[in-house]
Amino acid sequence: MQENSEKIKKKNLWVKKRHARVFAFLRFAMAGFLRLKYHYKAEKAPIEKGPCLILHNHQATMDPFFVSKAFRFPVYFITSDDLFNLKVSPLIRYLAAPIPKSKSMTDLAAVKNTLRVLKEGGAVGVAPEGNRTFSGRQWEMSDAIAKLVKTAKVPVVLFNLCGGYGTDPRWGHSVRRGTKYVGRVKRILYPEEYADMSVEELFAIIKEELNVVDADSGERYKSKKRAEYIERALYMCPVCGKIGTISSKGTRFFCRSCKMTAQYTEQLTIDPPVAGFTKIYEWYDWERAQLTPRMLAGESLADGDIKFIDSVKCKRKIFLDGHAVSMDKRAIYIEGLRQTYTFPLGEIEAMAAVGKKKFNFYFRGKIYQVKGNKRFCAVKYVHAFNGMREAKATHNSQE
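Definitions and limits used
Residues numbered from 1 in each chain as written. Predicted model: local features only at pLDDT ≥ 70, side-chain atom pairs only at ≥ 80, totals over all residues. Heavy atoms only, no water. Buried < 20%, exposed > 50% of the residue type's maximum accessible area, 1.4 Å probe, protein only. Helix = DSSP H or I, 4+ residues; strand = E, 2+ residues; numbered from the N terminus. Arc of directions from axis to C-beta. Pairing = 2+ DSSP bridges. Axes fitted to C-alpha atoms, helices over the stretch in contact; angles between N-to-C directions. Core = buried A, V, L, I, M, F, W, Y, C linked by side-chain atoms within 4.5 Å. Salt bridge = Lys/Arg side-chain N within 4 Å of Asp/Glu carboxyl O. Parallel < 35°, antiparallel > 145°, perpendicular 65-115°, else oblique. Contact = heavy atoms within 4.5 Å. Nonpolar A, V, L, I, M, F, W, Y, C, P; charged D, E, K, R; others polar. Left-handed = near helix turned anticlockwise from the far one by under 90°.

Colleague: Tell me what's going on with helix α9 (residues 199-209), and back it up with residues and numbers.
Modeller: All buried positions along α9 are accounted for by Leu202, Phe203, Ile205, Ile206 and Glu209. Buried residues along α9 cover an arc of 160 degrees about the axis, so they all sit on one side. Seen from the open side of α9, the exposed residues pointing more than 90 degrees away from its buried face are Glu200 and Glu208.

Colleague: So what's going on with the sheet that holds strand β15 (residues 307-312)? Which residues, and what values?
Modeller: Read from one edge of the open sheet, five strands run β16-β15-β22-β21-β20, paired in antiparallel fashion. Each having just a single partner strand, β16 (316-320) and β20 (348-354) make up the two edges of the open sheet. Across the sheet, the mean angle from the axis of one strand to that of its neighbour is 25 degrees, orientation sign disregarded. Relative to strand β22 (residues 366-371), strand β21 (residues 358-363) is paired through six bridges, and the arrangement is antiparallel. When the bridges of β22 are listed, asparagine 360 appears paired with glutamine 369.

Colleague: Could you give an account of the nonpolar core, with specific residues and numbers?
Modeller: Grouped together as the largest cluster of nonpolar side chains are 56 residues, with contacts concentrated most on Phe253, Ile332, Phe359 and Phe361. Counting residues in each nonpolar core, the second largest holds 28 residues, with Leu148, Leu158, Met197 and Ile206 among its members.

Colleague: Now, about the pattern of salt bridges: what can you tell me, with residues and values included?
Modeller: Under the defined criterion, the tally for this structure stands at 17 salt bridges. In this structure, the salt-bridge partner of lysine 186 is glutamate 209, at a minimum N-O distance of 3.0 Å. One end of the pair, lysine 186, is in strand β8 (residues 182-189); the other, glutamate 209, is in helix α9, and 23 residues separate them in sequence. You can call glutamate 209 buried: its relative accessible area is 13%. One salt bridge connects arginine 364 with glutamate 347, and the closest N-O pair in it is separated by 2.6 Å. Placement of the pair is arginine 364 in the loop between β21 and β22 and glutamate 347 in the loop between β19 (340-344) and β20, with a sequence separation of 17 residues. Judged by relative accessible area, arginine 364 falls into the exposed class, the value being 61%. Within the structure, one salt-bridge network assembled from shared partners comprises Lys186, Arg187 and Glu209.

Colleague: Tell me what's going on with the packing of helix α2 (residues 17-38) against helix α4 (residues 89-96), and back it up with residues and numbers.
Modeller: Packing of α2 against α4 brings their axes to within 7 Å, and their N-to-C directions diverge by 100 degrees. In this view, α2 runs roughly perpendicular relative to α4, as classed from their interaxial angle. Contacts between α2 and α4 involve Arg18, His19, Val22 and Phe23 on the former and, on the latter, Tyr94, Leu95 and Ala96. Residues belonging to the contact of α2 with α4 are distributed by class as follows: five nonpolar, one polar and one charged.

Colleague: I'd like to hear about unusual backbone geometry, residue by residue, with values.
Modeller: In the segment running from aspartate 271 into proline 272, the intervening peptide bond is cis, with an omega of -5 degrees. Along the chain, proline 272 turns up in the loop between β13 (270-271) and α10 (280-296).

Colleague: Describe in detail the packing of helix α5 (residues 108-119) against helix α6 (residues 144-152), supporting the description with residues and values.
Modeller: Running from N to C, α5 and α6 cross one another at 35 degrees; their axes reach a closest spacing of 11 Å. In this structure, α5 crosses over α6, and the sense of that crossing is right-handed. Between α5 and α6, the residues in contact are Val111, Thr114, Leu115 and Leu118 and Leu148, Thr151 and Ala152, respectively. A per-class count over the contact of α5 with α6 returns five nonpolar, two polar and no charged.

Structure (structure tokens):
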């Protein structure tokens with residue numbers, strides 16, 4: 001009986017011996033690929049084993065591989081539940097057991113699974129931003145990460161990826177050859193160090209230590225296609241104010257309406273400056289601030305050539321009838337061949353950009369996904385939704 005109970009206990013563990021073997025193999029097998037394609041170098045982490053929380057900034061598609069390269073033990077990464085809708089998802093879960101989490105939402109199951117892995121002696125990798133940067137600056141993050149650290153009471157490894165945005169920007173289509181792409185431990189916080197800190201104090205340290213801005217580094221990143229698909233991030237022209245008129249080719253981008261044109265340089269700058277903007281993050285912050293009042297004043301967003309998907313969490317994707325999307329201050333509309341679907345903004349729990357050209361929205365217990373064509377800008381819908389929600393919350397608090 002005791003032997004059977006031990007077998008059942010081992011079977012129910014999240015942390016398994018095979019994961020260590022898989023991670024050891026991948027570190028060896030991927031080393032050459034990461035070095036040759038990305039020119040990436042990882043500095044060995046000064047920590048031997050878990051349990052620990054590894055917090056890292058989020059710059060590139062393959063961040064989990066880049067972070068893992070610095071550690072000699074398996075890391076269980078918290079990942080978007082979108083990863084678990086693929087045909088190979090069962091194999092990924094068997095080999096690496098990542099922890100699924102819904103983007104832009106509090107996910108108690110993800111928190112419980114994280115604490116479970118830590119209790120079993122494992123290491124958990126987390127990108128507190130929760131989303132990969134489009135602008136090159138730190139994405140918004142919640143103080144929920146500091147609350148998780150306080151609850152976990154394990155060492156916290158603060159890990160910096162430097163050069164990921166320059167090498168493989170989220171909006172881009174090709175990898176650039178940079179003079180620098182390195183991953184290293186910035187700082188390790190031990191439980192006795194943060195035990196007496198408030199959540200606010202701890203959160204401030206996490207944000208500061210994970211703040212990496214490649215565009216301010218002066219490093220060079222070479223590519224003949226370095227500006228292509230920049231319209232996935234820059235959706236509003238600061239010269240004429242039009243939305244959806246930016247196009248790109250090679251190293252340059254331009255506005256189809258007012259003919260503004262500029263180059264995206266190897267140093268990640270805009271030349272000549274457009275309306276005073278020399279960095280993508282300056283332009284990105286400006287357009288985000290401009291979009292909310294324009295939407296509240298009656299403007300709308302619209303795109304065709306999309307796919308509309310019911311993304312059943314951790315199971316499968318169901319393609320629905322929908323070929324165009326639009327959004328105003330009241331709702332999101334999906335136009336199909338048979339009907340137009342209306343999703344009131346007040347009933348949408350959250351919205352998040354996914355990958356390079358998709359966004360998810362959470363409506364009445366379901367996860368819906370809009371996937372655009374190769375030049376589709378998903379983040380403008382997220383900016384509009386979050387901006388109008390924040391404006392409404394501010395208005396209500398002042399009444």
